[in-house]
Amino acid sequence: MAFGKKENEKKFYIGVDVGGTTIKFGVFDKNKKFVDGFSVDTKVRKKDAEKLLTKEMLDAIENYCSNNKHGVTKSTIAGIGIAIPGPVVNNQVLRAVNINWNKKYDIVEETKRRFGKKVNVRVYNDANAAALGEYNKTLKGKYKSICLMTLGTAVGVGIIIDGKLVEGKNGVAGELSHLKVDFSDEAVKCNCGNVGCLETVAGGRGIVNVYNRMYNTNIAKEAKDVIRPAKKGDKKALAALEKSLNYLSIVISIVMLVYEPEIILIGGGVSNEGTFITKIIMKHLKEKVFITKKFPKIMIAKLKNKAGFYGAVSEL
Ligand SMILES: [Zn+2]
C-alpha cells in the first residue's frame, strides 16, 4: 500500500561539529539515533576561509552519501545541523576567528543549495550545540535549566533556561569563557584581546598557564601534566589545579546567582577525572555563595566529543 511505503522511507540527519583541527560528522536515523560517524581535517585558509570550509564540509557529506553501509543517500537527508566555533544568532554565523571566518557568509543557504530546499538546516555556536546535545539526549524531562562548561583546550559555555537555548541578541550570551577573573599583575592576554579571561586560567591551556606561572617553569604542556600528579597527591600540582578550578567556581557562582540552573555539567578533556574535579569545584563554589545551602548538582557531561553534533541535529 502506498502509505506503508512512506512510513518505511529512510530518513537521516547529519550533525557537523566544526573544530580548529577536525570537522566531525555524526549520522543519525529518523529517530535521532546515532548510526555512524566520520571526520575530515579542517583546512583553514587565509582567503575565503568561510566559503572553502563550507564547501569542504558539504563535499565530505556528499562523498559519504555516495559510499556508506547505512543506506544514506543525498535524497534521504532530512536535516543538517552545524556547530561552529564562533557566535551564531538566528541561524547565521557572525564570525569564527579560530577558523578565519571573518566575513558574512550564509552557510545555511549554501547547504540548502547543495542538498535541496526541503532539507532543514540549523547552525549553532559549538558550545551551545554541545549544551543542547547533553540536554536533549540525557537530561530533558528530568531537568529544565542547565549550564554546560566544556573544559577542553579552551573553555566553552552553553546555557539552557526552561528547556531553551539562550543565544542572546548578538550571540554573546553564555560567552563566560571571556569573563575577566584574573586581576593579578601576571594575568595573561586572551585570544579575544582582553587580559585575564576565564579561558586564560581554566580549561586545558589555562591549567597549564596557572601551573607554569606559579612555579616559574614551562614543564607543564597539557592539562594532564598537572591533573595526573595532583590526583596522586603532588602538592604543587594540586595547588595549581585548585587555583584554576577556583577561578572556574567564580564563574559558576555567577551562573548560579543569575538563573540557578539545576545542573552544572562539566565536559571536555579536563572532565575525564570525574568526581576528583567536581568535588574541588563544589568546595570552592560553597566558599562563594552563602545565601543558600542548596547548590546545583555538578556532574560530568556524558556525550564527550559527540555532544556538538548530537546537539546540532537535536532540534531539527
Ligand atoms: Zn577572552
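Residues numbered from 1 in each chain as written. Predicted model: local features only at pLDDT ≥ 70, side-chain atom pairs only at ≥ 80, totals over all residues. Heavy atoms only, no water.

### What to know about the overall build of the chain
A tally of regular secondary structure across the chain gives 10 helices and 12 strands. The globule rule puts the C-alpha radius of gyration for 316 residues at 20 Å, and the 21 Å found for the chain is close to it. On the principal axes, the C-alpha backbone points of the chain span a range of 70 × 45 × 40 Å. Residues classed as buried in the chain amount to 50% of the 316 residues present. Within the structure as shown, the chain displays about 15800 Å² of accessible surface, and the carbon and sulfur contribution to it stands at 52%. (Helix = DSSP H or I, 4+ residues; strand = E, 2+ residues; numbered from the N terminus. Rg over C-alpha atoms; globule rule 2.2 N^0.38 Å. Buried < 20%, exposed > 50% of the residue type's maximum accessible area, 1.4 Å probe, protein only. Areas by Shrake-Rupley, 256 points an atom, 1.4 Å probe, with all protein chains shown as cover.)

### A word on the nonpolar core
A general tendency of soluble globular proteins is for nonpolar side chains to be buried together. Of all hydrophobic cores here, the largest spans 43 residues; its most connected members are Met149, Leu241, Leu248 and Ile266. Here this core takes 11 residues from helix α8 (residues 235-259), the largest share from any one element. Setting aside anything within four residues of it in sequence, one finds Met149 in contact with Gly156, Val157, Leu248, Val251, Ile252, Val255, Ile264, Leu265, Ile266 and Gly267. Within the second largest apolar cluster, 32 residues are counted, among which are Cys65, Ile77, Ile82 and Phe115. (Core = buried A, V, L, I, M, F, W, Y, C linked by side-chain atoms within 4.5 Å. Contact = heavy atoms within 4.5 Å.)

### Considering the domain arrangement of the chain
Per the domain assignment, the segments making up the chain are domain 1 (2-130 + 307-314) and domain 2 (142-303). Relative placement of domain 1 and domain 2: their C-alpha centres are 29 Å apart. Across the domain 1 to domain 2 interface the summed buried area is about 990 Å²; carbon plus sulfur atoms make up 56%. Per-residue buried area on domain 1 facing domain 2 is highest for Val89, Ala127 and Asn128; these three make up 44% of the total on that side. (Domains from an automatic or database assignment. Buried area = accessible area lost by both parts, 1.4 Å probe.)

### Concerning the pattern of salt bridges
Taken as a whole and judged by the stated rule, the model has 15 salt bridges. Because the salt bridges share partners, they merge into one network encompassing Lys55, Asp59, Glu62, Lys74 and Arg114. (Salt bridge = Lys/Arg side-chain N within 4 Å of Asp/Glu carboxyl O.)

### Things to note about the confidence of the model for the chain
With 97% of its residues at a pLDDT of at least 70, the chain reaches an overall mean of 94. The secondary structure element of the chain with the lowest average pLDDT is helix α1 (residues 2-8), at 53, and the one with the highest is α8, at 98. (pLDDT = per-residue confidence, 0-100.)

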